[in-house]
Amino acid sequence: MNLKTTLGAFALMTVVAMGATAPASGAETTNTVPRLATAHSTGTDGSLSSGQVLLGSGNSHFNGNPVTIQTTNSGSLYSLNDPTRPGLSCGPLNGPVFTKTTDTWGNGTGTSLETACVDVMFAAQKHWDMLRDWLGRNGVDGAGRFYPASVGLNNVNAYWDGTRAVFGHNSAHTKQLTSLDVVGYQYGLAVYEMSGSDDGNGAEARDLNKSAADIFGTLTEHYVNHPLALDEPDYLIGEEVNTVGTGPLIHMYNPSLTGQQNCYGSLLPPYYGGPQDHWFYLLAEGTNPPGKPASPVCAGPSSLTGIGIQKAARIFYLGIQRKSLGWSYGRARVATMQAAKNLYGCPEMNATKAAWTAIRVPGQVGEPTCSMPTPSPTSPSGPSPSPSGITVDPPSARVGPGGSTTVQIKLSPGTPQQVPLSASGSPAGTAVSIIRDDQSTTAIINVSAGTPQGTYTITFVATSEGSTKTTYFTLIVAGDDD
């Protein structure tokens with residue numbers, strides 16, 4: 001268990017005791033009709049058989065009504081347990097998972113604990129989907145596993161304790177702390193903890209840990225992409241729950257608005273993660289994005305152009321796969337610059353570098369360099385054109401010994417679909433098979449049961465007429481207990 005995350009509820013540094021724990025509200029029902037999805041089987045009389053995976057219907061507080069959440073049926077009872085995301089369940093603190101005789105959940109109020117679990121299940125399921133679709137990660141732990149949630153903590157707090165996420169209420173006792181960004185934040189702490197290796201317990205490592213959770217909460221919001229009336233995508237943390245009655249706890253585009261640091265410098269407790277939050281916004285959105293808040297710079301050019309949140313997310317995520325003891329802002333700069341260069345190329349690497357410079361993280365020894373090649377004219381006739389670019393999607397994946405993963409190799413427009421491709425750098429016992437047709441190219445990576453656990457870089461190369469383009473895929477071989 002990573003001890004520095006156990007009391008890390010957003011920017012709250014003080015746990016405020018509020019008396020006895022509120023009772024659970026497991027008997028609440030609505031008239032919304034549940035829907036069956038991917039059921040394993042039904043009985044001959046049409047009744048539901050034990051253990052079916054269902055799409056239950058929930059009345060949420062933060063995500064609209066009704067919402068669909070995956071639940072389980074066993075006998076005559078339904079439960080807030082998602083077997084398609086092993087380990088994910090929700091119930092009251094120090095109590096069992098919520099169960100009932102109908103697959104309808106919550107009443108939409110901010111004080112209902114059953115409703116809080118509806119919001120947690122919805123957000124956690126979307127968080128899983130975001131990790132899979134945007135980052136190529138298989139579950140919170142990277143090996144197909146999630147973790148349970150408990151609601152009803154009688155404090156103005158929420159935390160990840162290394163085995164579960166726990167959620168309390170706001171200071172006004174009007175809302176549970178279960179909005180999209182807060183749920184994504186808590187499980188983001190888990191993703192960060194289970195990426196790379198131990199980062200140590202230094203001031204910068206703790207600040208980067210806190211910021212990573214902000215980023216994962218923000219990614220969950222953007223993946224869901226709710227309309228403005230709900231928990232819409234933005235770069236604020238905690239604005240919907242109004243934790244202490246003063247609005248958002250964090251403005252990632254300008255952390256100083258809530259008393260945090262915009263710029264890298266002397267980091268003193270409490271650790272809020274402001275500098276890296278600011279870096280991420282500048283990388284994703286730039287200094288003056290249309291329709292979004294302007295963001296100041298601390299150094300360097302006064303104007304930056306963002307590369308988009310999904311690219312920024314992948315660069316950040318691949319960077320933290322290199323996390324290790326003594327993690328610092330300088331090391332994060334090097335890791336993300338290398339990730340950007342490997343994933344995309346010079347423009348994105350230079351944008352990553354510029355965003356770090358903009359928050360005053362200085363250049364580091366050993367950081368990658370990149371210069372844009374001068375394009376050469378293309379002959380109107382003769383041999384087929386050289387490859388113009390290659391990427392791999394997703395850029396990384398975690399696979400257990402004996403498992404496999406499939407990635408898509410994308411060739412930039414103008415590149416012949418049939419240019420020669422090769423792969424190198426796979427660990428012992430791993431086979432990479434490239435499969436292609438007229439529309440797509442995929443690579444199947446099969447990891448043997450005897451492949452040593454560790455992090456490996458597989459290089460994919462496209463070569464034609466003397467020109468070579470390269471992209472990189474990070475393979476993390478790890479067992480269920482790593």
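Residues numbered from 1 in each chain as written. Predicted model: local features only at pLDDT ≥ 70, side-chain atom pairs only at ≥ 80, totals over all residues. Heavy atoms only, no water.

A. Representation of the overall build of the protein chain. Secondary structure assignment for the protein chain yields seven helices and 21 strands. Within the protein chain, the proportion of its 482 residues that are buried is 54%. Pairs at least 24 apart in sequence give 63% of the contacts found in the protein chain among residues at least 6 apart. Here the protein chain has roughly 18,800 Å² of accessible surface; of this, 53% comes from carbon and sulfur atoms. (Helix = DSSP H or I, 4+ residues; strand = E, 2+ residues; numbered from the N terminus. Buried < 20%, exposed > 50% of the residue type's maximum accessible area, 1.4 Å probe, protein only. Contact = heavy atoms within 4.5 Å. Areas by Shrake-Rupley, 256 points an atom, 1.4 Å probe, with all protein chains shown as cover.)

B. Region of interest: helix α6 (residues 329–343). With 15 residues, α6 extends 21 Å from end C-alpha to end C-alpha; this agrees with the ideal 21 Å at 1.5 Å per step. Every buried residue of α6 is listed here: Y329, G330, A332, R333, A335, T336, M337, A339, A340, N342 and L343. Once α6 finishes, G345 follows within two positions and takes phi at roughly 130 degrees, a positive value. (Expected span 1.5 Å × (residues − 1).)

C. Broad picture of the state of the cysteines. Taken as a whole and assessed by the stated rule, the structure comprises three disulfides. Here C90 engages in a disulfide with C117; their sulfurs sit 2.0 Å apart. Taking the sign of the S-S torsion, about -75 degrees here, the bridge from C90 to C117 comes out left-handed. Remark: C117 occurs in helix α1 (residues 113–135) and C90 occurs in strand β6 (residues 88–92); sequence separation between them is 27 residues. Just as C90 is buried, C117 falls in that class too. Here C263 pairs with C298 through a disulfide, and the sulfurs are 1.9 Å apart. Looking along the S-S bond of the C263-C298 disulfide, the torsion reads about -85 degrees, which is the left-handed sense. (Disulfide = S-S within 2.5 Å.)

D. Focus on the sheet that holds strand β10 (residues 158–160). Strand order in the open sheet formed by five strands is β5-β6-β9-β11-β10, and the pairing between neighbours is mixed. Lying at the two open borders of the sheet, with one neighbouring strand each, are β5 (81–82) and β10. Relative to β6, α1 is tilted by about 165 degrees, and along the sheet it contacts β5, β6, β9 (149–151) and β11 (165–167). Along the sheet face, helix α2 (residues 180–193) touches β6, β9, β10 and β11 and points at about 20 degrees away from the line of β10. (Pairing = 2+ DSSP bridges. Axes fitted to C-alpha atoms, helices over the stretch in contact; angles between N-to-C directions.)

E. Local environment of the sheet that holds strand β19 (residues 441–447). Taken together, the four strands give an open sheet; going across it, the order is β14-β16-β19-β18, and neighbouring strands pair in antiparallel fashion. This sheet does not close on itself; its edge strands, each paired only once, are β14 (390–393) and β18 (430–436). Each neighbouring strand pair of the sheet contributes to a mean axis angle of 25 degrees, computed without reference to strand direction. Of the pairings in the sheet, the one linking β18 to β19 comprises seven bridges and is antiparallel in character. Residue pairing across strands places V432 opposite I445, the latter belonging to β19.

F. Local environment of the nonpolar core. One finds V151, F167, Y187, F216, L219 and F280 to be the most contacted residues of the largest nonpolar core, which totals 92 residues. I390, A397, V399 and V447 belong to the second-largest nonpolar core, a separate cluster that totals 19 residues. (Core = buried A, V, L, I, M, F, W, Y, C linked by side-chain atoms within 4.5 Å.)

G. Spotlight on the confidence of the model for the protein chain. Looking at the protein chain as a whole, its pLDDT mean stands at 83, while 82% of the residues score no less than 70. Of the regions scoring below 50 in pLDDT, residues 1–51 engages in 135 contacts with residues more than four places distant in sequence or in other chains. Throughout residues 374–387 the model reports pLDDT below 50, and contacts reaching past four residues in sequence, or to other chains, amount to 18 contacts. (pLDDT = per-residue confidence, 0-100.)

H. The arrangement of the packing of aromatic side chains in detail. One pass over the structure, following the stated rule, counts twelve aromatic pairs. Measuring from ring centre to ring centre gives 5.1 Å for Y264 and Y329, while their planes differ by 45 degrees; the resulting arrangement is tilted. On the criterion of sequence distance, the pair formed by Y264 in the loop between β13 (250–251) and α4 (274–284) and Y329 in helix α6 is long-range, its members being 65 residues apart. On the accessibility criterion, Y329 (0% relative accessible area) is buried. Each residue in the set F216, Y264, W279, F280, F316, Y329 and W356 is aromatic and connected to the rest through ring pairs, giving one cluster. Positioned above the aromatic ring of Y344 is the side chain of K311, whose terminal nitrogen or guanidinium carbon lies 5.1 Å from the ring centre. The ring of Y192 has K323 lying over it, and the distance from NZ or CZ to the ring centre is 4.7 Å. (Phe/Tyr/Trp six-rings, centres within 6.5 Å; stacked < 30°, edge-to-face > 60°. Lys NZ or Arg CZ within 6 Å of the ring centre and 35° of its normal.)

I. The arrangement of unusual backbone geometry in detail. Note the cis peptide between N65 and P66, where omega equals -10 degrees. Within the secondary structure, P66 is located in the loop between β2 (52–58) and β3 (67–74). Residue P394 is bonded to the preceding D393 through a cis peptide linkage, with omega at 0 degrees. Take P394: it is sitting in the loop between β14 and β15 (396–399). One non-glycine residue, N225, adopts positive backbone phi at about 60 degrees. Inspection of the secondary structure assignment puts N225 in the loop between α3 (203–224) and β12 (236–237). Of note, R360 is a non-glycine position whose phi angle comes to about 75 degrees, a positive value. Following the sequence through the fold, R360 ends up in the loop between α7 (346–358) and β14.

J. Expanded view of the pattern of salt bridges. By the definition in use, this model includes 13 salt bridges. Of the charged contacts in the structure, one is a salt bridge between D161 and R164, with a shortest N-O distance of 3.6 Å. Of the residues examined, D161 reaches a relative accessible area of 13% and is grouped as buried. Under the relative-accessibility criterion, R164 is labelled partly exposed at 23%. Between E348 and K311 there is a salt bridge; the shortest N-O distance is 2.6 Å. (Salt bridge = Lys/Arg side-chain N within 4 Å of Asp/Glu carboxyl O.)

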